[in-house]
Amino acid sequence: MSGYVWHQPKGYYKAWKMKINNQINDKNIWKSFQRNELEGWLVFALNNMNTESIKENLIIEINGNHFNNLDEFFVR
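Residues numbered from 1 in each chain as written. Predicted model: local features only at pLDDT ≥ 70, side-chain atom pairs only at ≥ 80, totals over all residues. Heavy atoms only, no water.

J.: Help me out: how do you make sense of helix α1 (residues 12–20) in this one?
T.: What sets the pattern is the α-helix's 3.6 residues per turn: residues three or four places apart point alike. All of the buried residues along α1 are Tyr12, Ala15 and Met18. With its buried residues spanning 125 degrees around the axis, α1 presents them on a single face. Residues Tyr13 and Ile20 are exposed on α1 and point more than 90 degrees away from its buried face. Packed against the buried residues of α1 are α2 (38–47). Two residues or fewer past α1, Asn22 is found with a positive phi of approximately 55 degrees. (Buried < 20%, exposed > 50% of the residue type's maximum accessible area, 1.4 Å probe, protein only. Helix = DSSP H or I, 4+ residues; strand = E, 2+ residues; numbered from the N terminus. Arc of directions from axis to C-beta. Contact = heavy atoms within 4.5 Å.)

Laid out in structure tokens, this is it:
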């Protein structure tokens, strides 16, 4: 028998509670999360995206000159 166990990263439950309490109503809410909670925020956001709206010609550009590692990426 084999199996797979997954648990939400730290910050996921905080984001979920904020969603339930209608506290996610502005941009940059993620800035209120501690550094070690940001992965949970990203997992929550990815799993709760509104994929109904179509954004044609959407370009997302991330300037790698602003960070040198994964920790710096999450802080910015």
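J.: I tried to follow the confidence of the model for the protein chain on my own but got confused; where do I start?
T.: Detailed conclusions should not be drawn from predicted coordinates in areas where pLDDT is low. Of the residues in the protein chain, 92% reach a pLDDT of 70 or more, and the chain-wide mean stands at 83. Within the protein chain, the element-level pLDDT minimum falls on helix α3 (residues 70–75), averaging 78, and the maximum on α1, averaging 92. (pLDDT = per-residue confidence, 0-100.)

J.: In this structure, what is going on with the environment of Tyr13? I would like to understand it.
T.: Summarising the element assignment, Tyr13 is placed in helix α1. Owing to a relative accessible area of 54%, Tyr13 belongs among the exposed residues under this scheme. For Tyr13 and Phe44, which are 31 residues apart along the polypeptide, the C-alpha to C-alpha distance reads 8.5 Å.

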